[in-house]
Amino acid sequence: MKHIPFFLLFILMFGNAPSFATEPAQFSGIINSHNQVRAKHNVQPLTWSKSLAQYAQQWVNNLADTQNCEMIHRPNHNGGQFQQIHGENLFWASAIELATGTNQQQQFTPTEIVKAWAEEESFYNYQTNQCQAGEDCGHYTQMVWHESQQVGCAIAVCGDKSQIWACNYHPRGNYIGERPY
């Protein structure tokens, strides 16, 4: 039996696969947290995408610069440079107002952000493919969307110490009438 040198095997397996990149330290745990939720439904794991992270950073920077971190999704139509072309989850947090009258940024881990989205699972009914009336579950369904393969995330902090997080997914999910898994 012919043996393939280890370095050649490694290149064949990983050489042209930018999707094997890991998330930056600032987002440590965000891929694993997503994939734990996805694994419950036998959905393939997501990989980190630097280009999706840059795309997310562009949007949260825009929200920080022009909207004081207001949680607004990218426009689906006539969005110009900000046109939505990927799936998107947003998370917003206010600042902590201290007794001195100054604001302090709340501290969240990437795992806590994913957990907040994943908790929407309790509002999703797979049989009817709908969210419970008056509740959101679209963050959850995007996280577990069976066709999504990559994710990239970003955060921006506003002057008042509020913050906005975004994760973008490719391919996008949440198509009306389709189940996430």
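A few points on the structure. (Residues numbered from 1 in each chain as written. Predicted model: local features only at pLDDT ≥ 70, side-chain atom pairs only at ≥ 80, totals over all residues. Heavy atoms only, no water.)

1. Observations regarding the packing of helix α2 (residues 30-39) against helix α4 (residues 110-118)
Between two packed helices, the angle of one axis relative to the other and the distance separating the axes together describe the packing. Quick reminder of the rule: Only the contacting stretch of a helix is used when fitting its axis, a line to C-alpha atoms as for every element, and angles between N-to-C directions run 0 to 180 degrees. The secondary structure listing takes helices from DSSP runs of H or I that are at least 4 residues long and strands from runs of E that are at least 2 residues long, numbered from the N terminus. Angles below 35 degrees are treated as roughly parallel, those above 145 as roughly antiparallel, those between 65 and 115 as roughly perpendicular, and all remaining angles as oblique. Left-handed describes a crossing whose near helix is turned anticlockwise from the far helix by less than a right angle; the clockwise case is right-handed. For this analysis, residues touch if any pair of their heavy atoms sits within 4.5 Å. Note on residue classes: Ala, Val, Leu, Ile, Met, Phe, Trp, Tyr, Cys and Pro are nonpolar, Asp, Glu, Lys and Arg are charged, and everything else, Gly too, is polar.
It is at 8 Å that the axes of α2 and α4 come closest, and there the two elements cross at 25 degrees. Put simply, α2 runs roughly parallel to α4. Note on packing geometry: the crossing formed by α2 with α4 is right-handed. When α2 is examined against α4, the residues Ile-30, Ser-33, His-34 and Val-37 are found in contact with a partner set consisting of Pro-110, Thr-111, Val-114, Trp-117 and Ala-118. For the contact of α2 with α4, the per-class residue count stands at six nonpolar, three polar and no charged.

2. Side note on the state of the cysteines
As a reminder, the rule being used: Note on terminology: disulfide denotes any pair of cysteine sulfur atoms within 2.5 Å. To sort residues, take the accessible area from a 1.4 Å probe on protein chains only and compare it with the maximum for the residue type: under 20% means buried, over 50% means exposed, and anything in between is partly exposed.
The full count for this structure, using the stated rule, is three disulfides. A sulfur-sulfur distance of 2.1 Å marks the disulfide that ties Cys-69 to Cys-158. Measuring handedness by torsion sign, the sulfur bridge of Cys-69 and Cys-158 sits at about 105 degrees and is right-handed. Of this pair, Cys-69 sits in the loop between α3 (50-66) and β2 (87-93) while Cys-158 sits in the loop between β7 (150-157) and β8 (163-170), placing them 89 residues apart in sequence. A sulfur-sulfur separation of 2.0 Å characterises the disulfide bridge that pairs Cys-153 with Cys-167. The S-S bond linking Cys-153 to Cys-167 shows a torsion near 105 degrees; that makes this disulfide right-handed. With Cys-153 in strand β7 and Cys-167 in strand β8, this pair connects stretches of sequence that are 14 residues apart. Of the two residues, Cys-153 and Cys-167, both sit in the buried class. Here the disulfide map of the protein chain reads 1-5, 2-3, 4-6, the bonded cysteines being numbered as they appear in the sequence.

3. Section: the packing of aromatic side chains
So the rule is basically this: By convention, a stacked pair of Phe, Tyr or Trp rings (six-membered ring in the case of Trp) has centres within 6.5 Å and planes under 30 degrees apart, an edge-to-face pair has planes over 60 apart, and any other such pair is tilted.
Using the criterion set out here, one finds eight aromatic pairs in the structure. Measuring from ring centre to ring centre gives 5.2 Å for Phe-91 and Phe-108, while their planes differ by 75 degrees; the resulting arrangement is edge-to-face. Of this pair, Phe-91 sits in strand β2 while Phe-108 is found in the loop between β4 (103-104) and α4, placing the two residues 17 residues apart along the sequence. Given a relative accessible area of 14%, Phe-91 falls into the buried group. A centroid spacing of 6.1 Å and a plane angle of 50 degrees characterise the contact between Tyr-124 and Tyr-140, whose relative ring orientation is tilted. Residue Tyr-124 is located in strand β5 (residues 124-125), and its partner Tyr-140 is located in helix α5 (residues 138-143); the two are separated by 16 residues in the primary sequence. The residues Tyr-124 and Tyr-140 share a single accessibility class, namely buried. One aromatic cluster is present, formed by Tyr-124, Tyr-126, Tyr-140 and Tyr-181 through successive ring pairs.

4. Quick notes on the nonpolar core
So the rule is basically this: In these notes, a set of buried Ala, Val, Leu, Ile, Met, Phe, Trp, Tyr and Cys residues joined through side-chain atoms within 4.5 Å is what counts as a nonpolar core.
Counting residues in each nonpolar core, the largest one holds 24 residues, and the members touching the most others are Ile-30 and Met-143. Only α2, β2, α4, α5, β7 and β8 provide two or more residues apiece to this core. Not counting chain neighbours up to four residues away, the residues in contact with Ile-30 comprise Glu-23, Trp-48, Pro-110, Val-114, Cys-153 and Cys-167. Core analysis: the second largest hydrophobic core is formed by twelve residues, Trp-59, Cys-69, Leu-90 and Ala-154 among them.

5. Let's talk about the pairing of β7
Short version of the rule: Strand pairing is assigned whenever DSSP identifies at least 2 bridges connecting the two strands.
With respect to burial, β7 is a largely interior element, six of its eight residues being buried. As paired elements, strand β1 (residues 47-48) and β7 share two bridges and run parallel to each other. Counted as the bridge partner of Trp-48 is Val-151 from β7. Bridging between β7 and β8 involves eight bridges; their strand directions are antiparallel. Pairing of Gly-152 across the sheet is with Asn-168, part of β8. The hairpin formed by β7 and β8 contains five residues between the paired strands, and Lys-161 there has a positive phi angle of roughly 75 degrees.

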